[in-house]
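Read off the chains here:
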Amino acid sequence: MEMENFLRPALVIGGALVATLIAGRLLDLLLRRADARHTETPLWGLLRRCRPPFQVVLCASLLRGSYRWAGVLPDHPFGVGRFLTLVLIASVAWLAVRIATAAVDSTYARYAAVTEDDARVRRVRTQVTLIQRVVTAVVIVVAAAAMLLTFPPMRTFGASMLASAGVLGIVAGIAAQAALGNLFAGLQIAFGDTVRIGDTVVVDKEWGRVEEITLTFLTVRTWDERRITMPVSYFTSKPYENWSRGGAQMTGTVFWHLDHSAPLDLMREQLQEILTGLPEWDGRGGGLAVTDTTPHTVQVRAVVTAKDSDDLWTLRCAVRERLINWLVTHHPYALPRITTTEATPRPDA
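Residues numbered from 1 in each chain as written. Predicted model: local features only at pLDDT ≥ 70, side-chain atom pairs only at ≥ 80, totals over all residues. Heavy atoms only, no water.

K.L.:
Go over the sheet that holds strand E7 (residues 281-293) with me, naming the residues and quoting the values.
P.N.:
Pairing within the open sheet is antiparallel, and its three strands lie in the order E6-E8-E7. Both outer strands of the open sheet, strand E6 (250-258) and E7, are each paired with one neighbouring strand and no more. The sheet shows a mean angle of 20° between the axes of neighbouring strands, direction not considered. Where E6 and strand E8 (residues 298-306) come together, nine bridges link them in antiparallel fashion. Residue pairing for E8: Leu-258 is matched across the bridge by Val-298. Sitting on the sheet, helix H10 (residues 264-276) touches E6, E7 and E8, and the angle it makes with E7 is about 155°. (Pairing = 2+ DSSP bridges. Helix = DSSP H or I, 4+ residues; strand = E, 2+ residues; numbered from the N terminus. Axes fitted to C-alpha atoms, helices over the stretch in contact; angles between N-to-C directions. Contact = heavy atoms within 4.5 Å.)

K.L.:
Which residues make up the nonpolar core, and what values go with them?
P.N.:
Core analysis: the biggest nonpolar cluster contains 24 residues, and Trp-256, Leu-258, Met-267 and Val-319 have the highest contact counts within it. For this core, the secondary-structure elements that each account for two or more residues are E6, H10, E8 and helix H11 (309-330). Considering each element in turn, this core owes the most residues, seven residues, to H11. Beyond its immediate sequence surroundings of up to four residues, Val-319 is in contact with Val-254, Trp-256, Leu-271, Ile-274, Leu-275, Leu-278 and Val-304. (Core = buried A, V, L, I, M, F, W, Y, C linked by side-chain atoms within 4.5 Å. Buried < 20%, exposed > 50% of the residue type's maximum accessible area, 1.4 Å probe, protein only.)

Structure representation (structure tokens):
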């Protein structure tokens, strides 16, 4: 009798584990073959990530349905059943999150592959990222509630609190006003298309690229690798610069302070030659003009264009450096200098 009490639970647990391993292996094999046949979508390959939660769900289900018959810890049947129920709920939530993530990532990957407009791709990426976070949060909340409701004291507590739900809702709304404001601001950003992942922005005089958007905060990566974390409500309540809005193409300026005798016509020709040799120049525009003058120098400005802010920065630096080198080599008299000779007298003096 004692041997039977030991063998039956061991066989049931061992059989559940073996069945779980075999089912997981078969599922992975089927998904791998489907992924090889349907190369137009990454869905089947992404669904292979669901193998671990699927195995946990299957094993917990098998044990949950047979633990009483098998006599697993017969002195504590209620505790074993409660534990397996909690594991089953958690694993089902894990599996649901993995399936939703695979579906969202697959949809985004297919859209990005057929869309040439980078701005639209970044907009969809922002939206699907926030949708994925919302789905994950909802699944976790529902799973946690289901797990708590398996405890009878929690059911009684929930019934007693239901009568005062209106008052608690008002109090919670006041206490979490800032958090709720950020939550709705995150949804507004996702579907209002005001700022997207990958956009180049200027906030609080800091230039950077939007790296991450969540339901409550937004991360901007600056040019010197720093991360600025800001509440998403900032982008719905305060002005900021979005250099990627309406297209990433940009126009920039380069300034020089030169002597009044600088060869402007030759500088224009040299500027065009420099721009032609730089891959960052997109060819939309490039010109040079005198924009200001002082008793000692003239201010010369070049206008250049590039496809995005990164190329524009590189282009401006290259134009400034190469034109200065050209002036030093061929026209050193055009550089600023302090005149120490006597002034030329007027003809009628």
